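The primary structure of each chain is shown beneath.
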Amino acid sequence: MKINLSTQVNQDYLSVKKGFDETLFTKLSPPFPPVKLARFDGSEVGDLVSLELNFIFFKQKWTSEISESKTTEAEYYFVDKGTILPFFLKKWRHKHRIIKKGNQAIIRDEIEFSAPFGLATLLLYPAIYLQFLYRKPIYKKIFA
């Protein structure tokens, strides 16, 4: 399953690139489930990001490794791939793109995911979509 969401912001793409750090990551976490950031190495190839999702009665670990990272004159992007995923996910790939648009930038989240079986993937779609829709006003505020 794929989800693509774009948000135009009022800073140039290289300034937005600099802002993609641990502080931003923490602000992008939605209220549920509460997320504890266990590790944040950055967004270069080989870096790891580990989370603990708290579902009240149980917790799930989620670790992603940065598998790609590149800066060109037109954009910056990095890809995180899930290596340790919560039970409800079988596959996770998230490409974070910051695309140059004059003196502004477009932040584009390109997510590919699947659950252990097809119906669960369909049921997860709205929840994951809303988790990323939650980011749009945060991006606009931080990169105003």
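This is a predicted model, so every value here is computed, not measured.

Further remarks concern the layout of surface pockets. What the largest pocket holds in volume is close to 760 Å³. As for the largest pocket, its lining consists of 35 residues, of which Leu-51, Trp-62, Trp-92, Phe-132 and Arg-135 are closest to the centre. In terms of residue count, helix α3 (residues 118–133) provides more of the lining of the largest pocket than any other element does, 5 residues in total.

On to the pattern of salt bridges. In this structure the tally under the stated criterion is 9 salt bridges. A salt bridge links Arg-39 to Asp-41; the nearest nitrogen and oxygen atoms lie 2.9 Å apart. Overall, Arg-39 belongs to the partly exposed group, its relative accessible area being 39%. Overall, Asp-41 belongs to the partly exposed group, its relative accessible area being 34%. As a salt-bridge pair, Lys-59 and Glu-52 come within 3.7 Å of each other at their nearest N and O atoms.

It is worth spelling out the sheet that holds strand β6 (residues 91–101) at this point. In spatial order, the strands read β1-β7-β6-β5-β4-β3-β2; together these 7 strands make up an open sheet with antiparallel pairing. Strands with a single pairing partner mark the edges of an open sheet, and in this sheet they are β1 (2–9) and β2 (35–40). If you compare each strand with its neighbour and ignore which way they point, the axes differ by 20° on average. In the sheet, strand β4 (residues 59–71) pairs with strand β5 (residues 75–84) via 8 bridges, with the strands oriented antiparallel. Across the sheet, the residue bridging to Ser-69 is Phe-78, located in β5. Contacting β1, β6 and β7 (104–114), helix α4 (residues 135–142) crosses the sheet at an angle of about 25° to β1.

Together, Met-1, Phe-117, Leu-119, Leu-122 and Leu-123 make up an exposed nonpolar region whose accessible area comes to about 550 Å². Relative to the helices and strands, Phe-117 is located in the loop between β7 and α3.

Tallied over the entire structure, the rule returns 13 aromatic pairs. Summarising the aromatic geometry, the rings of Phe-55 and Phe-88 are spaced 5.9 Å apart at their centres and angled 85° between planes, so their arrangement reads as edge-to-face. In this pair, Phe-55 sits in the loop between β3 (48–54) and β4 while Phe-88 sits in the loop between β5 and β6, placing the two residues 33 residues apart along the sequence. By the ring-pair criterion, three or more aromatic residues cluster together here, those being Phe-20, Tyr-76, Phe-78, Tyr-139 and Phe-143. If you follow Lys-95 out to its NZ or CZ, it ends over the ring of Tyr-77, 4.3 Å from the centre.

Helices that pack against each other are described as a pair by the angle of their axes relative to one another and the distance between those axes. Orientation of α3 relative to α4, taken along the N-to-C sense of each, is 15°, at an axis distance of 5 Å. If you check the angle between α3 and α4, you find them roughly parallel. Of the residues in α4, those in contact with Gln-131, Phe-132 and Leu-133 of α3 are Arg-135, Lys-136 and Pro-137. Here the residues of the contact of α3 with α4 are counted per class, giving 3 nonpolar, 1 polar and 2 charged.

Turning our eyes to something else, we now look at the UniProt feature "transmembrane region" (unreviewed entry) in the protein. In this structure's numbering, the residues bearing the UniProt feature "transmembrane region" (unreviewed entry) are residues 113–134. Counted over residues 113–134, helix gives 73% and strand 9%. Its end C-alpha atoms are 18 Å apart.

Thresholds, definitions, all that
- Numbers given for residues are sequential positions, taken from 1 along each chain in its written order.
- The model is predicted, so local features are restricted to residues of pLDDT at least 70 and side-chain atom pairs to those at 80 or more, both for listing and for counting; the totals for chains, interfaces and linings are taken over all residues.
- The side-chain numbers reported here are obtained from all heavy atoms of the structure, hydrogens and water having been left aside.
- Think of a 1 Å grid over the protein atoms and nothing else: a 1.4 Å probe that fits but is trapped marks a cavity, an open set flanked by protein within 12 Å on at least five of seven lines marks a pocket, and residues with an atom within 4 Å of a point count as lining.
- Grid points are joined across faces, edges and corners, and a volume is the space filled by probe spheres set on the points.
- The numbering of helices and of strands both runs from the N terminus, where a helix is a DSSP run of H or I of at least 4 residues and a strand a run of E of at least 2.
- Definition used for salt bridges: Asp or Glu carboxyl oxygen within 4 Å of a side-chain nitrogen of Lys or Arg.
- Per-residue accessibility, obtained with a 1.4 Å probe over protein chains only, is compared with the maximum for each type, and a residue is labelled buried under 20%, exposed over 50%, and partly exposed between these values.
- In this analysis, strands are considered paired if DSSP registers two or more bridges between them.
- Every axis corresponds to a line fitted to the C-alpha atoms, with the helix fit spanning only the stretch in contact, and the corresponding angles, defined between N-to-C directions, vary from 0 to 180 degrees.
- Two residues form a contact once any of their heavy atoms are found within 4.5 Å.
- Like charges are joined within 9 Å and nonpolar side chains (Val, Leu, Ile, Met, Phe, Trp, Tyr) within 5 Å, but only among residues with over 30% relative accessible area and no salt bridge; these make up the patches.
- Using the Shrake-Rupley algorithm and a 1.4 Å probe, accessible areas are obtained, with residue cover drawn only from the displayed protein chains.
- Only the six-membered ring of Trp is used, alongside the rings of Phe and Tyr, when aromatic pairs are assigned; centres must lie within 6.5 Å, and planes under 30 degrees apart are stacked while those over 60 apart are edge-to-face, with the rest tilted.
- Lysine NZ or arginine CZ positioned within 6 Å of the ring centre and within 35 degrees of the ring normal marks a charge as sitting over the ring.
- When describing relative orientation, an angle under 35 degrees is termed roughly parallel and one over 145 degrees roughly antiparallel, while 65 to 115 degrees is termed roughly perpendicular and anything else oblique.
- The residue classification treats Ala, Val, Leu, Ile, Met, Phe, Trp, Tyr, Cys and Pro as nonpolar and Asp, Glu, Lys and Arg as charged. All others, Gly included, are polar.
- UniProt positions are given in the numbering used here, feature names are shortened, and annotations may be inferred rather than shown by experiment.

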